[in-house]
Every structure is written in C-alpha cells, then in structure tokens.
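Coordinate analysis (summary)
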Amino acid sequence: MTTDLGLPEDIQACLFDLDGVVTRTAVVHAAAWKEMFDAFLRDREGERFRPFDDHDYDEYVDGRPRGDGVRAFLASRGIELPGGDPDNPPDAPTVHGLGNRKNTLVLEKIRTDGVEAYDGTLRYLEAVRGHGLRTAIVSSSANCRDVLRSVDAEHFFDVRVDGVVAAERKLPGKPRPDTFLAAADDLGVEPARCAVFEDALAGMDAGRSGRFGYVVGVDRVGQTDALYAHGADVVVKDLAELGGKE
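Here's what I pulled together on the structure shown here. Residue positions within a chain follow its written sequence, with the count starting from 1. With pLDDT at 70 or above as the cut-off, local features in this predicted model cover only qualifying residues; side-chain atom pairs require 80 or more to be listed or tallied, and sums for whole chains, interfaces and linings still use all residues. Side-chain descriptors were evaluated using all non-hydrogen atoms of the structure, hydrogens and water having been removed beforehand.

1. Brief notes about the overall build of the chain
Helical segments are the DSSP runs of H or I of at least four residues, strand segments are the runs of E of at least two, and each set is numbered from the N terminus. Each helix and strand counted, the chain has ten helices and six strands in total. Since a compact globule built from 246 residues should have a radius of gyration of about 18 Å, the 18 Å found for the chain is in line with a globular shape. C-alpha extents for the chain along the principal axes are approximately 55 × 35 × 30 Å. For the exposure calls, accessible area comes from a 1.4 Å probe over protein chains only, and a residue counts as buried if that area is under 20% of its type's maximum, exposed if over 50%, partly exposed in between. With 246 residues in all, the chain has 53% of them scored as buried. A radius of gyration in this sense is built from C-alpha atoms; the matching globule rule multiplies 2.2 Å by the number of residues raised to 0.38.

Put into structure tokens, the structure is as follows:
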C-alpha cells in the first residue's frame, strides 16, 4: 500500500462515483425517489399503500440509471408499466415518465438547497492528481457535469462517463461494469490498475464484476457490512481516512 493515498502501489487511475462520494447529493436523490414513488403508489393503491423506504432505495435504485431503478423497484412490488419514451412528460404512466418525474423533483431540490461537495473527497482528489494518477467521474446522473461545475470540481477529472455519455454509447448502467470499463478505456489504463470509489451497492457490484484492481466503499449511511458483502476491498466513512496529505 502507498503511504499517502492508501491504495495498492500498482494503481494508476481512480474512478469516482459522483453522488455520495464527491457531492452530498445522495440524500437529495433518495428524497426525490421517495416523494415520486410514494405519490405514485398512493394514487395506485390508496392510503393503505406501503411507502418507499431506505431498503428500497439501497436495493433497487441507488447508483442505477433512472429507468433501471424504476423498473427494479416496480418489479419488487409486482408492478409492470410500459417503458414509454425518454421524452415522456413527468405525469406519463410509464417507466420513463416516472423517471422524468423523479428528475424534475431532484433538480427542484438542488436549485432550492444547492449542492455541496465533501471536503475530504476534494482534498483526496487534489492528492491523487498531485501523485500523477489519472481520474474519471463515473455516474448514472444525466446532470453530472452541471453538478460538478456547481461545486467547481470539474477540473479534477480527465474523463467523464455519466448518464449522457452512457446513453450516447448505449452502455448499460450499474450494477453492470460497462461505464467504469469505458472510463478506464478512455483513460488508457487497464481495469486491474484502476481503483473504484463508490457508495452504492450497485457500484460495488460493478467494481467486483469488472475485476478492478481495488474497490473502495464509501459508507455515508451505515451500510459498511453490505458494502463489503457486495465486493468492497475497504470501506471508509470519508476519503480523508485513506490519507492523501502531501
């Protein structure tokens, strides 16, 4: 292990998730998912509906592309909707409609409350760059670039593979490893020499199945055991725990 970065010595690149790793937006996404799904379930089943909860968020939607998250959660409740089209309005009774409704809510919450970055992650990114490692941001969010710009963090990354890029390249999202593998390829670094930084269980699965050299789980919500069970090599509450001081 290196003294400064807490990574194996042969790691040449770091691949970072956005929400919950770089920025404090995971809680915003969770709130938007709950508001959207609870309204949908209440309309469908009445006041006796079973609300969307933290387990549902962790298990079915966290880290996944919006459409995949909608499908996975609805399937867990035995509900099937038509897929619809990506440009469906937020009130459309389709998978894309529900996904767009959630995105409208999360953008409203971001505009209202703003976005903050994790200071420990920003310091770690500075150290990673200072040590000459390549970096990529890998996110299922279609709003990734705007969020990075809002916290003045876009310059930390050599490569961006987000929801927009994944759609253009037709890359399946997490828990499949394809977006992380694409980022490694764009950086010109073999997956075995890349470290993945993720807070979502789907991201852990992607890191494990992609055979990346090191997978760091970031536990912001008390799910250390689950992160290890899904493939983390190490779990920290903040990237500052890995070191990163010059």
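Okay, back to it.
2. A few points about the sheet that holds strand β6 (residues 234-236)
For two strands to pair, DSSP has to find at least two bridges joining them. Taken together, six strands build an open sheet; the order of strands is β3-β2-β1-β4-β5-β6 and the sheet is parallel. With one partner strand each, in any of the chains shown, β3 (159-161) and β6 form the two edges of the open sheet. For this sheet, the mean inter-axis angle between neighbouring strands, taken without regard to orientation, is 20°. Judged from the four bridges that link them, strand β1 (residues 13-16) and strand β2 (residues 134-138) form a sheet pairing that is parallel. Following the sheet pairing, Cys14 is matched in β2 by Thr135. The contact rule is simple, with two residues in contact once any of their heavy atoms fall within 4.5 Å. To get an axis, a line is fitted to the C-alpha atoms, and for a helix only the part in contact is used. The angle between two axes follows their N-to-C directions and goes from 0 to 180 degrees. On the sheet, helix α5 (residues 119-130) packs against β1, β2 and β4 (194-198) and is oriented at approximately 155° with respect to β1.

3. Observations regarding the packing of aromatic side chains
Note on aromatic contacts: the rings of Phe and Tyr and the six-membered ring of Trp form a pair at centre separations within 6.5 Å, being stacked when their planes are under 30 degrees apart, edge-to-face when over 60 apart, and tilted otherwise. In total, this model carries nine aromatic pairs according to the counting rule given. With a centroid separation of 4.4 Å and 10° between ring planes, the pair formed by Phe16 and Phe197 is classed as stacked. Here Phe16, found in strand β1, pairs with Phe197, found in strand β4; they are 181 residues apart in sequence, far enough to count as distant. Consider the rings of Phe52 and Phe73, whose centres lie 5.0 Å apart with planes at 75°: the pair is edge-to-face.

4. Notes on the environment of Asp162
Counting through the fold element by element, Asp162 comes out in the loop between β3 and α7 (163-169). Put simply, Asp162 and Ala142 are 20 residues apart on the chain and 6.2 Å apart in space, counted from C-alpha to C-alpha. For the purposes of these results, a polar contact is taken to be a pair of N or O atoms within 3.5 Å, where, inside protein, one atom must be able to donate a hydrogen and its partner to accept one; residues adjacent in sequence count only when each atom of the pair is a side-chain atom. A distance of 3.0 Å separates a polar side-chain atom of Asp162 from the backbone nitrogen of Val165.

5. Observations concerning the pairing of β1
Side chains Ala13 and Leu15 of β1 all project onto a buried face; the interleaved residues Cys14 and Phe16 project onto the opposite face, where all are buried too. Where β1 and β4 come together, four bridges link them in parallel fashion. Counterpart to Cys14 in the pairing with β4 is Ala195.

6. Here's the deal with the pattern of salt bridges
A pairing counts as a salt bridge when a side-chain nitrogen of Lys or Arg comes within 4 Å of a carboxyl oxygen of Asp or Glu. Enumeration according to the criterion identifies 18 salt bridges in this entry. The structure contains a network of salt bridges with shared partners spanning Asp17, Lys174 and Glu198.

7. Considerations on the environment of Val22
Assignment of secondary structure puts Val22 in the loop between β1 and α1 (26-45). Once the C-alpha coordinates of Val22 and Pro86 are considered, the two residues, 64 residues apart in sequence, prove to be 27 Å apart. Sequence-distant contacts of Val22, defined by excluding residues within four places in its chain, comprise Phe16, Asp17, Ala117, Tyr118, Thr121, Ile137, Leu148 and Phe157.

8. Section: the packing of helix α3 (residues 66-76) against helix α4 (residues 95-113)
Running from N to C, α3 and α4 cross one another at 115°; their axes reach a closest spacing of 9 Å. With respect to α4, the element α3 is oriented roughly perpendicular. The two elements α3 and α4 cross, and the hand of that crossing is right-handed. On α4, the residues touching Arg66, Gly67, Val70, Arg71 and Leu74 of α3 are Val95, His96, Leu98, Gly99, Asn100, Lys102 and Asn103. Orientation is classified from the angle alone, with under 35 degrees giving roughly parallel, over 145 giving roughly antiparallel, 65 to 115 giving roughly perpendicular, and any other angle giving oblique. Handedness of a crossing follows from how the near helix is turned relative to the far one, being left-handed for an anticlockwise turn of less than a right angle and right-handed for a clockwise one.

9. Observations concerning the pairing of β2
Counting buried positions over the five residues of β2 gives four, a clear majority of the element. Two strands pair when backbone bridges link them, and β2 and β3 are joined in this way by three bridges, in the parallel orientation. Each residue of the ladder has a partner; that of Ile137, found in β3, is Arg160. With strands facing away from the observer, any crossover in which the path from the first strand over the helix to the second runs clockwise is taken as right-handed. In this fold, β2 hands off to helix α6 (residues 144-150), which returns the chain to β3; that crossover is right-handed.

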